[in-house]
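Structure assessment
One-letter residues, chain by chain:
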Amino acid sequence: MRSIAIRLGIIGAIAIGAFVARPFLSGNAGDLKVGDCFDEPAGASATVEDVQHRPCTDPHGGEVVYVGDFAPATDTYPADADFRAFVQAQCPPAFTSYSGIDFETDTTYDMSVLTPTTDGWGTGDRTVICYAVHVDGTPITAPLKKA
């Protein structure tokens, strides 16, 4: 009985440690959620697999404001114009809802996006992730989420 309690205690400590340390760990870009803050990946045209998480109270390059599946989901990988139209329809309203800042009139923030690769699309990945960045490329120094 005692060994089970010790094991459960160790598992609990690991789980709590992972939760507390998550903002400081590198993780899969596909696992980002709305509200996550991270360092913006270098090389916008590169394939992004991992990102460095940051607490939103620390300087960070991007803050996730939207995560959703591309629609309509087709078997054929969408053209850039299709992704652009989807992002323009989904991300600005999500930014405004998330931050309380009108994206259409704001001059401080811009939007960047992570889209599935053609290989990922072939395996069923349809996730589009929109994240806010400063227009001038400087780090964001406080959470954008409205109170």
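Residues numbered from 1 in each chain as written. Predicted model: local features only at pLDDT ≥ 70, side-chain atom pairs only at ≥ 80, totals over all residues. Heavy atoms only, no water.

**Some remarks on the state of the cysteines**
Here the structure, examined in full by the defined rule, presents two disulfides. Across the disulfide from Cys-37 sits Cys-56; the S-S distance is 1.8 Å. Around the S-S axis, the bridge from Cys-37 to Cys-56 shows a dihedral of about 100° and counts as right-handed. Linking Cys-37 in strand 2 (residues 37–38) with Cys-56 in the loop between strand 3 (50–54) and strand 4 (62–69), this pair joins segments that are 19 residues apart in sequence. Two residues, Cys-91 and Cys-130, share a disulfide whose sulfurs are 1.7 Å apart. One end of the pair, Cys-91, is in helix 2 (residues 80–99); the other, Cys-130, is in strand 6 (residues 127–134), with 39 residues separating them in the sequence. In this pair, the class of Cys-91 matches that of Cys-130, namely buried. The connectivity of the disulfides in the chain is 1-2, 3-4, where the numbers refer to bonded cysteines in sequence order. (Disulfide = S-S within 2.5 Å. Helix = DSSP H or I, 4+ residues; strand = E, 2+ residues; numbered from the N terminus. Buried < 20%, exposed > 50% of the residue type's maximum accessible area, 1.4 Å probe, protein only.)

**Notes on the packing of aromatic side chains**
Taken as a whole and assessed by the stated rule, the structure comprises ten aromatic pairs. Measuring from centroid to centroid gives 4.9 Å for Phe-38 and Tyr-131, while their planes differ by 65°, and the two rings are edge-to-face. In this pair, Phe-38 is assigned in strand 2 and Tyr-131 in strand 6, connecting sequence segments 93 residues apart. Across the pair, Tyr-131 and Phe-38 agree in class, each one buried. When the centroid spacing of 5.7 Å and the interplanar angle of 85° are considered together, the rings of Tyr-77 and Trp-121 count as edge-to-face. One end of the pair, Tyr-77, is in the loop between strand 4 and helix 2; the other, Trp-121, is in helix 3 (residues 118–122), with 44 residues separating them in the sequence. Stacked on the ring of Trp-121, the Lys or Arg Arg-126 has its end atom at 3.8 Å from the ring centre. (Phe/Tyr/Trp six-rings, centres within 6.5 Å; stacked < 30°, edge-to-face > 60°. Lys NZ or Arg CZ within 6 Å of the ring centre and 35° of its normal.)

**A short note on the confidence of the model for the chain**
Do not read the predicted coordinates in detail wherever pLDDT is low. In this model, the chain carries a mean pLDDT of 84, and residues with pLDDT of at least 70 account for 79%. Of the regions scoring below 50 in pLDDT, residues 5–24 engages in eleven contacts with residues more than four places distant in sequence or in other chains. (pLDDT = per-residue confidence, 0-100. Contact = heavy atoms within 4.5 Å.)

**Points about the nonpolar core**
Core analysis: the largest hydrophobic core is formed by 19 residues, its most contacted members being Val-65, Tyr-66, Phe-95, Met-111, Val-128, Cys-130 and Leu-144. Going through the elements one at a time, strand 4, helix 2, strand 5 (109–114) and strand 6 are the ones with two or more residues in this core. Of the residues forming this core, the biggest block, seven residues, is contributed by helix 2. The contacts of Cys-130, once residues within four sequence positions are left out, are Glu-63, Val-64, Val-65, Tyr-66, Val-87, Cys-91, Met-111, Ser-112 and Val-113. By size, the runner-up hydrophobic cluster in this structure holds nine residues, among which are Phe-38, Val-51, Leu-114 and Val-133. (Core = buried A, V, L, I, M, F, W, Y, C linked by side-chain atoms within 4.5 Å.)

**Section: unusual backbone geometry**
Along the chain, Ala-71 connects to Pro-72 via a cis peptide bond; the corresponding omega equals 0°. Within the secondary structure, Pro-72 sits in the loop between strand 4 and helix 2.

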